[in-house]
Amino acid sequence: MPSLSYTSRRELEEHSFPPAVTLLVPVAAILLQVLITKLSWRMGIVDLPLLVAIFFAVSRRNPMAGTLTGMLIGLLQDALTAQPIGVNGMAKSVIGYIAASIGVQVDVENLTTRVLINFGFSLLNSVLLFLINRRLLDNADFHLLWLHELLRALVNTLVAVPLFLLLDRTRRID
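First, a word on scope: everything that follows refers to the structure included in this document. (Residues numbered from 1 in each chain as written. Predicted model: local features only at pLDDT ≥ 70, side-chain atom pairs only at ≥ 80, totals over all residues. Heavy atoms only, no water.)

A closer look at the pattern of salt bridges
The full count for this structure, using the stated rule, is six salt bridges. Salt-bridge contacts for E149 lead to R152; the nearest nitrogen and oxygen are separated by 3.2 Å. Of this pair, E149 and R152 both sit in helix α7 (residues 146-168), three residues apart, which is roughly one turn of that helix. Residue classification places E149 among the buried residues on the basis of a relative accessible area of 7%. Relative accessible area serves as the criterion here: at 21%, R152 is assigned to the partly exposed category. One network of salt bridges, in which partners are shared, links R61, E109, R114, D168 and R171. (Salt bridge = Lys/Arg side-chain N within 4 Å of Asp/Glu carboxyl O. Helix = DSSP H or I, 4+ residues; strand = E, 2+ residues; numbered from the N terminus. Buried < 20%, exposed > 50% of the residue type's maximum accessible area, 1.4 Å probe, protein only.)

See below:
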């Protein structure tokens, strides 16, 4: 007689990655981000650290791990850029938590879901950065151009789809 398993969906589909991938991919994304923005200010529209934080958060499906991953990626990004320390750390930790929480409930390996998640989180990142700069740092000179932010979200989504497919190949096979 077959036995019934009461394993949750989250436990069945939690993905793990080799430690080298977990460390090197975010560092490479941050270094690439710094380099491409130094080469051309127009390339600053792409936010590779955000995309990597979203990928690891939805793949692990663990809100605590998503929060910590987002925080560490954001803080390292702040340390290597002109942002005040903590701005990206706060924004990406919120996004990591929400992304991991959504990853528990929704099939995030579906292409349509990935497009919607990346577009939505890119917009959310812009809103969070705006709120942090305007309300917490009292930076009255920080403004959002909504058409630019929609374009940023679209470009990040177009970059995220092939990036996610590439990163899917780095999963640890159990």
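Description of the side chain of T157
Mapped onto the fold, T157 is located in helix α7. Judged by relative accessible area, T157 falls into the buried class, the value being 5%. Dropping the residues within four chain positions of it, T157 is found in contact with V115, N118 and F119. (Contact = heavy atoms within 4.5 Å.)

Comments concerning α7
Between its first and last C-alpha, α7 extends 32 Å over 23 residues, near the 33 Å set by a 1.5 Å rise per residue. Of all bends in α7, the biggest is about 30°, found at A160, and the proline P162 comes one to four residues later. Those residues of α7 lying buried are E149, A153, N156, T157, A160, L163, F164, L167 and D168. On the buried face of α7, the contacting elements are α2 (19-39), α3 (48-60) and α6 (111-136). (Expected span 1.5 Å × (residues − 1). Bend = angle between axes of the 7 residues up to and from the residue.)

Thoughts on the packing of α3 against α7
Their axes nearest at 10 Å, the elements α3 and α7 cross at an angle of 50°. The orientation of α3 with respect to α7, classified from their angle, is oblique. Two packed elements cross with a definite hand, and for α3 against α7 that hand is right-handed. Taken together, the residues of α7 that come into contact with α3 (itself represented by L48, L51, I54 and F55) are N156, V159, A160, L163, F164, L167 and D168. For the contact of α3 with α7, the residue count by class is nine nonpolar, one polar and one charged. (Axes fitted to C-alpha atoms, helices over the stretch in contact; angles between N-to-C directions. Parallel < 35°, antiparallel > 145°, perpendicular 65-115°, else oblique. Left-handed = near helix turned anticlockwise from the far one by under 90°. Nonpolar A, V, L, I, M, F, W, Y, C, P; charged D, E, K, R; others polar.)

Digging into the packing of helix α4 (residues 63-80) against helix α5 (residues 87-105)
Describing two packed helices takes the angle between their axes plus the distance from one axis to the other. Contact geometry for α4 and α5: axes closest at 7 Å, N-to-C directions at 155°. The orientation of α4 with respect to α5, classified from their angle, is roughly antiparallel. Crossing of α4 against α5: the hand is right-handed. For the pair α4 and α5, contact is made by P63, G66, T67, G70, M71, I73, G74, L75, Q77 and D78 and by V87, N88, G89, K92, S93, G96, Y97, A100 and S101, respectively. When its residues are assigned to classes, the contact of α4 with α5 shows seven nonpolar, 10 polar and two charged.

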